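Report on the structure
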Amino acid sequence: MILPPHLMVKAGHLWIGGQDTVDLAQRFGTPLYVTDEDRIRENFRRLAGALTAHYPNVRILYAAKANGNLAVFRILASMGAGADVFSAGEVSLALAAGMRPESLLFNGSSKSPADLALAVEKGIKVSVDSLDELRQLNAAAAEAGKTVEIAFRVNPEIDVPTHPKIATGLATSKFGIPAGQILDAYREALDAGHVNPVGIHCHIGSQILAVEPFAREVEVLIRLASDLIDIGVDPSFIDIGGGLGIPYRRETDRAPTPEDYAGAIMPIFLKGIRDLGIEPELWIEPGRWLIGDSTILLTRVNSVKTAHRTFANVDAGFNLFIRPAMYDAHHEVVAANKADTPPQREYSVAGPICEMGDILASDRMLPDLEAGDLIAVLDAGAYGFAMSSQYNSRPRCAEVLVAGGRAALMRRAETIDDLIATMLTPPW
Ligand SMILES: *Cc1c(COP(=O)(O)O)cnc(C)c1O
């Protein structure tokens, strides 16, 4: 298998960021998420560099939902990232990591009154998803005697080649304002008094392995910018969202590089803004691309069983890693303690959850496995731990960060006591 440069095989073991995964599993226990800090930094530099080679006014807003660990926020904050945030929790994490309020965009199609009040209080820009929300936000800002900078999230009605659960720019999506209603929304914002429409926001979906949809999206947004200038809006940023995919099937996926991505969108963007005589910032909101490949999930084999197929029953299930069950996602698996043994048999790697769907990987050729062996699930950094749960009353596992030859916990494992800690016994 083609391993990314931060993973390697040494003396039969899989290593990540200069650490032997067999040692890490021994030291910290399994299941265990392991994240390579240097890989995140390298990914950030590569994506930022590809875009700024075309145009200097680029801002990267990390899509916070992809991985909510504070240590990850801190790494990205130190690189200069802002964040695309969807909740009060994500706002708090971003601010705690040192991101400035001006570099955040509060997104979401269902913001509560408390969410809107928080954005007003902290001076965070809001991507407004409906006229109802606009009116509520304007009222909240008026009450606080403030003005809030906003964008509208426009639904560009673009079909993208990805899993239907993560195609967000279709005409049928719950997100955004239909293109046909968007000018009226900006007109209302211009007149509202306590909101200032300064931006345009769009996000067409996730895990997109082609650049054409992004190019079409930028065309739609440039046309919209032109219409907005006509009604008196001066766009100071155009936010094209995230969604650039990564090659989960390491042998066969052909994923665009950041250079391909920049090469597809930047000429359209640059010609568009030049024709319009404006110099807005270009914002992008990558999640998966920045952190997806930085992380592996280590899981121990509990038992092996041959039935209609051969199962390697491991200690991590969809409570910790739901992407295979939820999106039919393919993740490569490596026998981490037998990493240079040739494949001998087909295994399905199955978790401990009481559900048929709890299969992390189906029918993979692996070395002969036995109880105690260690499996690494690759590319688990995005929407991995972030989507975990305590289903089947399983405490969540620990997360370790490795960097410069060191390894340390960035989240301790939960205990059984943690499971019970928030539960109360009704007085009867
Ligand atoms: C999820 C999301 C992103 C990030 O998507 P990736 O595929 O992880 O890059 C960006 N913007 C918005 C609005 C999102 O909902």
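- An unreviewed UniProt entry annotates the protein as Diaminopimelate decarboxylase originating from Methanoculleus receptaculi.
- Check the Cofactor (unreviewed entry) section of the UniProt entry for the protein; it says "pyridoxal 5'-phosphate".

1. Overview of the overall build of the protein
- Summing up its helical and strand segments, the protein has twelve helices and 21 strands in all.
- For the protein, the C-alpha radius of gyration of 23 Å lies close to 22 Å, the compact-globule estimate for 428 residues.
- The contacts in the protein between residues at least 6 apart in sequence include a share of 70% that link residues at least 24 apart.
- A gap of 3 Å separates the mean positions of the 39 positive and 53 negative side-chain charges of the protein.

2. Description of the nonpolar core
- Of all hydrophobic cores here, the largest spans 88 residues; its most connected members are L76, I150, F152, Y261 and F269.
- Beyond its immediate chain neighbours, meaning those up to four positions away, L76 contacts I40, F44, Y62, A81, M99, L290 and I291.
- Among the nonpolar cores identified, the runner-up in size contains 21 residues, and V333, L360, V377 and F385 belong to it.

3. Structural notes on the site of the ligand
- The environment of the ligand is formed by 16 residues, the closest being K65, S206, E285, R288 and Y383.
- Separating an oxygen atom of the ligand from a side-chain N or O atom of S206 is a distance of 2.3 Å.
- Here an oxygen atom of the ligand sits 3.0 Å away from a polar atom, N or O, in the main chain of G287.
- Isolated, the ligand exposes 390 Å² of accessible area, and the fraction of that covered by the protein chains is 97%.
- If you map the ligand onto the pockets, it falls in the largest pocket.
- The residue inventory of the shell around the ligand, partitioned by class, reads four nonpolar, seven polar and five charged.

4. Remarks on the UniProt feature "modified residue: N6-(pyridoxal phosphate)lysine" (unreviewed entry) in the protein
- UniProt feature "modified residue: N6-(pyridoxal phosphate)lysine" (unreviewed entry): in the numbering of this structure it lies at K65.
- In this structure, K65 sits in the loop between β5 (58-63) and α3 (70-78).
- Overall, K65 belongs to the partly exposed group, its relative accessible area being 36%.
- Setting aside residues no more than four positions away along its own chain, K65 makes contact with E90, Y383 and A386.

5. Observations concerning the UniProt feature "active site" (unreviewed entry) in the protein
- In the numbering adopted here, UniProt assigns the feature "active site" (unreviewed entry) to C354.
- With respect to the secondary-structure elements, C354 resides in the loop between β17 (345-350) and β18 (359-366).
- A relative accessible area of 63% means that C354 is categorised as exposed.

6. As for the layout of surface pockets
- Counted as a void, the largest pocket has a volume near 490 Å³.
- Looking at the largest pocket, it is lined by 29 residues, and the ones nearest its centre are K65, I166, T168, H203 and Y383.
- Broken down by secondary-structure element, the contributors of at least two residues to the lining of the largest pocket are α10 (288-291) and α11 (323-327).
- Here the lining of the largest pocket is composed, by residue class, of twelve nonpolar, ten polar and seven charged.
- Contributing to the lining of the second largest pocket are 17 residues, with R39, R46, P247, W289 and D293 lying nearest its centre.
- Examining the composition of the lining of the second largest pocket, we find that four residues originate from one element, helix α2 (residues 37-52), more than from any other.
- A class-by-class count of the residues in the lining of the second largest pocket yields nine nonpolar, three polar and five charged.

7. Quick notes on the packing of aromatic side chains
- Across all of its chains, the model carries seven aromatic pairs by this definition.
- An angle of 70° between the planes, with centres 5.4 Å apart, marks the rings of Y55 and F269 as edge-to-face. Highlighted residues: Y55 in the loop between α2 and β5 and F269 in helix α9 (residues 258-276), separated in sequence by 214 residues.
- When its relative accessible area of 7% is taken as the criterion, Y55 is described as buried.
- Centroid distance F214 to Y261: 5.0 Å. Interplanar angle 90°. Geometry classified as edge-to-face. Note that F214 is positioned in helix α8 (residues 212-230) and Y261 in helix α9, a separation of 47 residues in sequence.
- A residue is classified by how much of its surface remains accessible, and F214, at 0% relative accessible area, is buried.
- When the ring centre of W15 is taken as origin, the NZ or CZ atom of K10, which lies over that ring, is 4.0 Å away.

8. Digging into the pairing of strand β2 (residues 13-16)
- With four bridges joining them, strand β1 (residues 7-10) and β2 adopt antiparallel strand pairing. When the bridges of β2 are listed, L7 appears paired with I16.
- Examined bridge by bridge, β2 and strand β3 (residues 19-20) share two bridges and lie antiparallel to one another. Bridging across to β3, W15 finds its partner in D20.
- Linking β2 to β3, which pair antiparallel, is a turn of two residues; within it G17 sits at a positive phi near 50°.

9. Some thoughts on α9
- With 19 residues, α9 should reach 27 Å at 1.5 Å per residue; the first-to-last C-alpha distance of 26 Å fits that figure.
- What α9 keeps buried is the set P258, Y261, A262, A264, I265, M266, F269, L270, G272 and I273.
- For α9, the elements touching its buried residues are α2, α8, β12 (237-239), β13 (281-284) and α10.
- Looking one or two places after α9, you find G277, whose phi comes out positive at around 70°.

10. Regarding the pattern of salt bridges
- The full count for this structure, using the stated rule, is 19 salt bridges.
- Two residues, R41 and E37, come together in a salt bridge whose shortest N-O distance is 2.9 Å. Of this pair, R41 and E37 both sit in helix α2, four residues apart, which is roughly one turn of the helix.
- Given a relative accessible area of 15%, E37 falls into the buried group.
- D184 is paired through a salt bridge with R187; the nearest N and O atoms lie 2.7 Å apart.

Conventions and cut-offs
Residues numbered from 1 in each chain as written. Predicted model: local features only at pLDDT ≥ 70, side-chain atom pairs only at ≥ 80, totals over all residues. Heavy atoms only, no water. UniProt positions renumbered as here; feature names shortened; annotations may be inferred. Helix = DSSP H or I, 4+ residues; strand = E, 2+ residues; numbered from the N terminus. Rg over C-alpha atoms; globule rule 2.2 N^0.38 Å. Contact = heavy atoms within 4.5 Å. Lys, Arg positive; Asp, Glu negative; His and termini not counted. Charge placed at Lys NZ, Arg CZ, Asp CG, Glu CD. Core = buried A, V, L, I, M, F, W, Y, C linked by side-chain atoms within 4.5 Å. Buried < 20%, exposed > 50% of the residue type's maximum accessible area, 1.4 Å probe, protein only. Near = heavy atom within 4 Å. Polar contact = N/O pair within 3.5 Å; in protein donor to acceptor, adjacent residues only side chain to side chain. Areas by Shrake-Rupley, 256 points an atom, 1.4 Å probe, with all protein chains shown as cover. 1 Å grid on protein atoms, 1.4 Å probe; cavity = no way out; pocket = protein on both sides within 12 Å on 5 of 7 lines; lining within 4 Å. Sits in = over half its atoms within 2 Å of the grid points. Nonpolar A, V, L, I, M, F, W, Y, C, P; charged D, E, K, R; others polar. Points joined across faces, edges and corners; volume = space filled by probe spheres on them. Phe/Tyr/Trp six-rings, centres within 6.5 Å; stacked < 30°, edge-to-face > 60°. Lys NZ or Arg CZ within 6 Å of the ring centre and 35° of its normal. Pairing = 2+ DSSP bridges. Expected span 1.5 Å × (residues − 1). Salt bridge = Lys/Arg side-chain N within 4 Å of Asp/Glu carboxyl O.

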